[in-house]
Amino acid sequence: MDQPKSIFASSAGTPIRPYNLRKRFIAASRTAGIKPHEDGTPWGLHELRHTVATHMLGARIQIQIVSRTLGQSSINVTMDVYSHFTDQDSEMAAESMNTIDSSKKRKK
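Everything numeric in this text was worked out from a predicted model, so none of it was measured.

Turning our attention to the packing of helix 2 (residues 45–58) against helix 3 (residues 63–70). It is at 10 Å that the axes of helix 2 and helix 3 come closest, and there the two elements cross at 160 degrees. With respect to their mutual orientation, helix 2 and helix 3 come out roughly antiparallel. Where helix 2 crosses over helix 3, the two elements pack in a sense that is right-handed. From helix 2, R49, A53, M56 and L57 reach across to helix 3, where they touch I63, I65, V66, T69 and L70. Among the residues forming the contact of helix 2 with helix 3, the class breakdown is seven nonpolar, one polar and one charged.

Have a look at this one:
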């Protein structure tokens, strides 16, 4: 049976140790101009991924595109993780309907 290839490998081709991956990620983040948190701690890979997804959904990017960008197997996975955004959207829609209803009552 063939061994699965590592997504992140060392220069020797062996699986990279988590500490070394984090060190490389922090260096790449600095190079990319990603500023650390206010307390100086650097962003984590998983944390940055969630932030990107959250910003995409906040910008009203279609869930299918967000899911594909994240490399998730289906939009159901994306919806499960980020459903709080769709809940907020539902609340905003309900509030806007209340505003519309209130303005109609005032006109009468």
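Within helix 3, burial applies to I63, V66, S67 and L70. Summarising the axial view, the buried residues of helix 3 lie within an arc of 100 degrees, below the 170-degree limit, and thus occupy one face. For helix 3, the exposed residues set more than 90 degrees away from the buried face come down to R68 and T69. Where helix 3 ends, the next residue or the one after it, G71, has phi of about 75 degrees, a positive value.

Here is what the cut-offs are and how they apply
- Residues numbered from 1 in each chain as written.
- Predicted model: local features only at pLDDT ≥ 70, side-chain atom pairs only at ≥ 80, totals over all residues.
- Heavy atoms only, no water.
- Axes fitted to C-alpha atoms, helices over the stretch in contact; angles between N-to-C directions.
- Helix = DSSP H or I, 4+ residues; strand = E, 2+ residues; numbered from the N terminus.
- Parallel < 35°, antiparallel > 145°, perpendicular 65-115°, else oblique.
- Left-handed = near helix turned anticlockwise from the far one by under 90°.
- Contact = heavy atoms within 4.5 Å.
- Nonpolar A, V, L, I, M, F, W, Y, C, P; charged D, E, K, R; others polar.
- Buried < 20%, exposed > 50% of the residue type's maximum accessible area, 1.4 Å probe, protein only.
- Arc of directions from axis to C-beta.

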